[in-house]
Amino acid sequence: MSFWSRLFGTVKHDKGSLSDQTESNVDAEWSRAECEFCGQQGIECDQAARYLYPIWKCSCGAIGSGAWLPDLDEVGDQLLDVLGITARVSEPCVPTDHPGITMQRYDVDKVEHSMTEILRNHGCEFRVTLKKNPNERLFWAKRINTSA
Ligand SMILES: [Zn+2]
């Protein structure tokens, strides 16, 4: 997962490798995002954020983060952390001898359901952006109750 290191200068774990060609395309697509709440386009990734996955902060107050499906539970955790919520949605990592099917190890629908519940309990709304690549998603959260 070396493109994260190019974007953020840090890599926590290695889940395989990408060719150089794929890497440059991914960089371009992941450096900017479109807000799932207000539709603002071209939001630049918050490079100052010291997190493993990219963070986008929209002027409308929404915060987004995203990754490939195998990492979305960790993206959920990170988003909760950014929002100051201590709950977590990730499941323990289970080693596998089948590198190509790691994304089957957890249920992304369950993660998204958990995120919806947790964020609702904290006065936030949860939305998901489905990207062109079906293996990539962005998670968005926005505080809808400012007194929460
Ligand atoms: Zn927005």
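Model, not experiment: these values are computed from the prediction.

**What to know about the packing of helix α3 (residues 72-82) against helix α4 (residues 108-121)**
The contact between α3 and α4 brings their axes to 10 Å, and the two run at 10°. Considering the angle they form, α3 stands roughly parallel to α4. The chirality of how α3 crosses α4 is left-handed. Here L72, D73, G76 and L80 of α3 lie close against α4, whose contacting residues are V108, V111, M115 and I118. Its residues placed into classes, the contact of α3 with α4 shows 6 nonpolar, 1 polar and 1 charged.

**Thoughts on the sheet that holds strand β5 (residues 124-130)**
Spatial strand order, β3-β4-β6-β5: 4 strands in an open sheet with antiparallel pairing. The sheet is open, and its two borders are formed by β3 (55-57) and β5, each paired with just one other strand. This sheet shows a mean twist of 20° between the axes of neighbouring strands, independent of strand direction. Direction of pairing for strand β4 (residues 63-68) relative to strand β6 (residues 136-143): antiparallel, over a ladder of 6 bridges. Bridge pairing links A67 to R137 in β6. This element, α3, spans β3, β4 and β6 of the sheet and lies at about 160° to β4. Lying over the sheet, α4 contacts β5 and β6, oriented at roughly 155° with respect to β5.

About the thresholds
Residues numbered from 1 in each chain as written. Predicted model: local features only at pLDDT ≥ 70, side-chain atom pairs only at ≥ 80, totals over all residues. Axes fitted to C-alpha atoms, helices over the stretch in contact; angles between N-to-C directions. Helix = DSSP H or I, 4+ residues; strand = E, 2+ residues; numbered from the N terminus. Parallel < 35°, antiparallel > 145°, perpendicular 65-115°, else oblique. Left-handed = near helix turned anticlockwise from the far one by under 90°. Contact = placed C-beta atoms within 7 Å. Nonpolar A, V, L, I, M, F, W, Y, C, P; charged D, E, K, R; others polar. Pairing = 2+ DSSP bridges.

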